[in-house]
Amino acid sequence: MTTAQALVHYLARQHSERDGLEHRLIEGVWAIFGHGNVAGLGQALEEYGEDLTLPTLRPQNEQAMVHAAAAFAKHRNRLSTFACASSIGPGSTNMITGAAGATINRLPVLLLPSDYFASRIPDPVLQQLEHPSEHDVSVNDAFRPVSRFFTRVSRPEQLMAALPAAMAVLTDPSRTGAVTLSLPEDVQAEAYDWPVALFERRVWNVRRPPAAAEQLAAVASALARARRPLIVAGGGVIYSEASAALASLVERFGLPVVESQAGKGALPWDHPMNLGPVGANGGEAANRAARGADFVLAVGTRLGDFVTASRTAFGRAGARMAVLNVDPDDARKLDALPLLADARVGLEQLGGALDEIGFGGTDAGYREQLEALRSSWHARVDHLRAARGTGQLAQSEVIGAINAAVGGHATVVCAAGSMPGDLLKLWRPEDDKAYHVEYGYSCMGYEIPAGLGVKLAEPERRVVVMVGDGSYLMMNSELVTAVAERVDLTVVVVDNGAFGSIRGLQMSVGSPSFNNERRARRTETGRTDGEVVGVDFAKHAEAMGATVYRCEDLGQLVGALEAARRRNGVNVLDVKVGLEPAVPSFEGWWEVPVAETSHQPAVRAAREAYEAARSRQVLVHGSDAEEGA
Ligand SMILES: Cc1ncc(C[n+]2csc(CCOP(=O)(O)OP(=O)(O)O)c2C)c(N)n1
């Protein structure tokens, strides 16, 4: 077999396994061919793919196919994914953004960019960027910093070491991310006499490492001594399928839970211990509880600045931090007590350890306070979601109406703009797969391909993609792929005529609105502050094969969602909303640097506010705040 044929045979026989359940590790191959792979990997997939039940899918854009694969893997809790194959040069580099997104979100994707001839005889080939002094460098080396594993297969026999190494990273919960095998075009087509054993069925265990006894004892005793402990639920809780373990722990000991974007849904929105989202985009219940907490256990989160509110959310009262994470680097963030373990196993062990030391749970007074915070937060969300009855739709009521119409078990998909923050506050998921917001890379353009990926991961579940006009215009072409793959997908384009989130941010740092609205250039000002450039998103989506709906009020929106539910295929709703009113911030803060000097008074005022906020940052948590106090 050729290198490419061997690769196809190998991939079809890889499985993952956790808790005794086996899954196909690589469900198929997304591929866009060019001269770099059509005769190599393309030939192999055509000849063998069907017999091996390794389907090939044809997207419209290489970046988008990586997003689709990552979203698929996210929905499958990282137990299955796709390979993504591109030609050389631009096809490869188009995947780099997707690779970074997968790696940041710790989602397994196998990337197979093609590379220039290993022989180098016909150099420079079409699309070859020649490095003047390092002839072994190609554009594919740009995958190195965004991949968790990278190798170039320059001879066929290197595949025998490269493949198991790649599968090991894909299936390791602490190392997973983009895994890149760079495949020179000549090597793909070259034959080799492979050992038969390479193609045996292989099962990769996705480990659940337990916590070390010392770490467990330290965290349990710190928690038991706390008066106002708090748990942060991150995406790792969901990937580890630890929702039930989390619920049981917090119910038994009366521990409040606050959520990150990736962790939202770990507990149902109305769970009695769920205080809702924390941090820069958080709600006031979670943010107040976080500020008042004297012990914070962060579970399965990379503790990005939105969760920590740029280091103002936790530790204001000298709170001690602990981190339960499967990744040793995450487990040591924020000067925390590390609890290096799988989330589910770690939570179960922690419950046992708390029992052992006789921890009776938090006191009634604390629980009452938490319950008051929780119920007033729900009332506020009810109010924000409610129909306003004014002429122009607001994004908040659109979110409320959609959530009410599709229910808490449909999966909502989003990534960038003002919607992730609004969804975090307002959407009410009822299970741990009902909320899919990519907010690690927050990559505009993720939304539509991700909706497709989620739908492929769980065809029976309703999927609603929420996408801003900016993100839609950046990457919409996978609507065509969704039509081709015959998936049922509802896409809601929420058009506010602007990069609304960034416009709002810009104005909050003292600038007037500039270069963020979709407006024509005006000769008088030389700026893009002329008339609004209207886009008929319904017409656009219709041209790509979708059934479309124009929604100008909530009645039409709800009607369109119902029609979309009954109708197969791709349904796109074009919903026009106003830029105002925006959902406010609830005592969250996000560090965005403000100009230190300016002739504009509003900028100077914003700078002052910025400096005041920075003075509240907890720069060092201290390894043992209690003893030090
Ligand atoms: C690929 C990419 N480029 C730029 C950004 C920075 N950015 C974040 S949100 C945003 C605007 C999004 O506009 P839209 O989709 O219309 O949503 P809105 O903010 O109006 O809700 C931009 C430019 C990004 N997140 N991703």
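Residues numbered from 1 in each chain as written. Predicted model: local features only at pLDDT ≥ 70, side-chain atom pairs only at ≥ 80, totals over all residues. Heavy atoms only, no water.

Asks: Help me understand the overall build of the chain, please; the structure alone is not making it clear to me.
Replies: Along the chain, the regular secondary structure elements total 25 helices and 21 strands. Its C-alpha atoms give the chain a radius of gyration of 25 Å, near enough to 25 Å, the size a compact globule of 629 residues would have. Projected onto its principal axes, the C-alpha positions of the chain cover 70 × 70 × 55 Å. Expressed as a percentage of the 629 residues in the chain, the buried residues total 59%. Considering only intrachain contacts with a sequence separation of at least 6, the fraction spanning at least 24 residues in the chain is 75%. (Helix = DSSP H or I, 4+ residues; strand = E, 2+ residues; numbered from the N terminus. Rg over C-alpha atoms; globule rule 2.2 N^0.38 Å. Buried < 20%, exposed > 50% of the residue type's maximum accessible area, 1.4 Å probe, protein only. Contact = heavy atoms within 4.5 Å.)

Asks: Explanation requested: the sheet that holds strand β15 (residues 337-340) in the structure shown.
Replies: Sheet strands pair by backbone hydrogen bonding; their relative direction is either parallel or antiparallel. The parallel open sheet is built from six strands, whose spatial order is β12-β11-β10-β13-β14-β15. What marks the edges here is a single partner per strand, and that holds for β12 (274-277) and β15. Across this sheet, the average inter-strand angle for adjacent strands is 20°, counted without regard to direction. Relative to β15, strand β14 (residues 320-325) runs parallel, the two being bridged by four bridges. Within the sheet, the bridge partner assigned to L324 lies in β15 and is L339. (Pairing = 2+ DSSP bridges. Axes fitted to C-alpha atoms, helices over the stretch in contact; angles between N-to-C directions.)

Asks: In this structure, what is going on with the confidence of the model for the chain? I would like to understand it.
Replies: Regions with low pLDDT carry predicted coordinates that are not meant to be interpreted in detail. In the predicted model, the chain carries a mean pLDDT of 97, and the fraction of residues at 70 or more is 99%. Note that residues 625-629 has pLDDT below 50 and, in this model, four contacts with residues that lie over four places away or in other chains. (pLDDT = per-residue confidence, 0-100.)

Asks: What should I look at first to understand empty space enclosed by the protein in this one?
Replies: One way to see where empty space is left: roll a probe the size of a water molecule over the atoms. Applying the stated criterion across every chain, the model contains three cavities of 30 Å³ or more. One number sums up the size of the largest cavity: a volume of about 90 Å³. What lines the largest cavity is a set of 13 residues, among which K264, W269, W377, H378 and K425 lie closest to the centre. Ranked by the residues each element gives to the lining of the largest cavity, the list is headed by β12, at four residues. For the lining of the largest cavity, a count of residues per class yields six nonpolar, three polar and four charged. (1 Å grid on protein atoms, 1.4 Å probe; cavity = no way out; pocket = protein on both sides within 12 Å on 5 of 7 lines; lining within 4 Å. Points joined across faces, edges and corners; volume = space filled by probe spheres on them. Nonpolar A, V, L, I, M, F, W, Y, C, P; charged D, E, K, R; others polar.)

Asks: Teacher, can you tell me more about the layout of surface pockets here?
Replies: Roughly 300 Å³ of internal volume is contained in the second largest pocket. Looking at the second largest pocket, it is lined by 18 residues, and the ones nearest its centre are F117, R120, D123, H135 and D136. Across the lining of the second largest pocket, the residue classes tally to six nonpolar, five polar and seven charged.

Asks: What is the right way to look at the pattern of salt bridges in this model?
Replies: In a structure, side chains of opposite charge can pair up when their charged atoms sit close to one another. Applying the stated criterion to the full structure yields 39 salt bridges. A salt bridge links R144 to D141; the nearest nitrogen and oxygen atoms lie 2.7 Å apart. We classify D141 as buried; its relative accessible area is 15%. Between E580 and R503 there is a salt bridge, with the nearest N and O atoms lying 3.7 Å from each other. Of the two residues, E580 sits in the loop between β21 (570-576) and α24 (601-614) while R503 sits in helix α21 (residues 500-508), which places them 77 residues apart along the sequence. (Salt bridge = Lys/Arg side-chain N within 4 Å of Asp/Glu carboxyl O.)

Asks: Got a minute to help me understand the site of the ligand in this structure?
Replies: Around the ligand lies a shell of 15 residues, among which S418, S442, G470, G500 and S501 are the nearest. Elements with a minimum of two residues in the shell around the ligand: α19 (469-474) and α21. Per-element tally for the shell around the ligand: the top contributor is α19, with four residues. Here the residues of the shell around the ligand sort into five nonpolar, nine polar and one charged. (Near = heavy atom within 4 Å.)

Asks: Is there a simple way to explain the packing of aromatic side chains in this structure?
Replies: In this description, a pair of aromatic rings is defined by centroid distance and the angle of the planes. Inspection of the entire model under this criterion finds nine aromatic pairs. On the numbers, 4.5 Å between centres and 45° between planes, the contact of F306 with W590 is tilted. Taken together, the positions of F306 in helix α12 (residues 305-308) and W590 in the loop between β21 and α24 put the pair 284 residues apart, joining distant regions of the chain. Summarising the aromatic geometry, the rings of Y472 and F537 are spaced 5.2 Å apart at their centres and angled 90° between planes, so their arrangement reads as edge-to-face. Linking Y472 in helix α19 with F537 in helix α22 (residues 537-543), this pair joins segments that are 65 residues apart in sequence. What links up through ring pairs into an aromatic cluster is the set W30, F72 and F82. The ring of W204 carries the charged tip of R202 above its face, separated from the ring centre by 4.1 Å. Over the face of the ring belonging to Y435 we find K264, whose NZ or CZ atom lies 5.3 Å from the ring centre. (Phe/Tyr/Trp six-rings, centres within 6.5 Å; stacked < 30°, edge-to-face > 60°. Lys NZ or Arg CZ within 6 Å of the ring centre and 35° of its normal.)

Asks: How do you make sense of the environment of N140 when you look at a structure like this?
Replies: Assignment of secondary structure puts N140 in the loop between β6 (109-115) and β7 (149-152). The buried category is assigned to N140, whose relative accessible area is 0%. Spatially, the C-alpha atoms of N140 and L170 are 19 Å apart, while their sequence positions differ by 30 residues. With sequence-adjacent residues up to four places away left out, N140 is seen in contact with S92, P113, S114, D115, F150, R152 and S182. In terms of polar contacts, N140 uses its side chain to reach the side chain of S92, at 3.3 Å. (Polar contact = N/O pair within 3.5 Å; in protein donor to acceptor, adjacent residues only side chain to side chain.)

Asks: Honestly, the environment of P272 in this entry has me stumped. Any pointers?
Replies: One can find P272 in the loop between β11 (257-259) and β12. In this structure P272 comes out as partly exposed when scored by relative accessible area, which is 47%. The spacing of P272 and P256 is 16 residues in sequence and 8.5 Å in space, taken between C-alpha atoms.

Asks: In this structure, what is going on with helix α18 (residues 447-457)? I would like to understand it.
Replies: Turn by turn, an α-helix covers 3.6 residues, leaving residues three or four places apart pointing in a common direction. Counting buried positions over the 11 residues of α18 gives 10, a clear majority of the element. Listed as buried for α18 are E447, I448, P449, A450, G451, L452, G453, V454, K455 and A457.

Asks: Would you mind going over the pairing of strand β16 (residues 411-414) with me for this structure?
Replies: Look at any regular strand and the pattern is simple: side chains alternate between the two faces of the sheet. Residue alternation in β16 divides its side chains into two sets, T411 and V413 and V412 and C414, and both sets are buried. Where β16 lies against strand β18 (residues 463-468), three bridges are found, and the strand directions are parallel. When the sheet's bridge partners are listed, V412 is paired in β18 with V464. As for the winding sense of the linkage, the β-α-β connection from β16 through helix α17 (residues 419-426) to strand β17 (residues 435-437) is right-handed. (Right-handed = clockwise from strand over helix to strand, strands pointing away.)

Asks: Is there a simple way to explain the environment of A322 in this structure?
Replies: Position of A322 relative to the elements: it lies in strand β14. According to the relative accessible area criterion, A322 is buried, its value standing at 0%. A C-alpha to C-alpha distance of 8.5 Å links A322 and R332, two positions 10 residues apart in sequence. Dropping the residues within four chain positions of it, A322 is found in contact with V219, F295, V296, L297, A298, A336 and L337.

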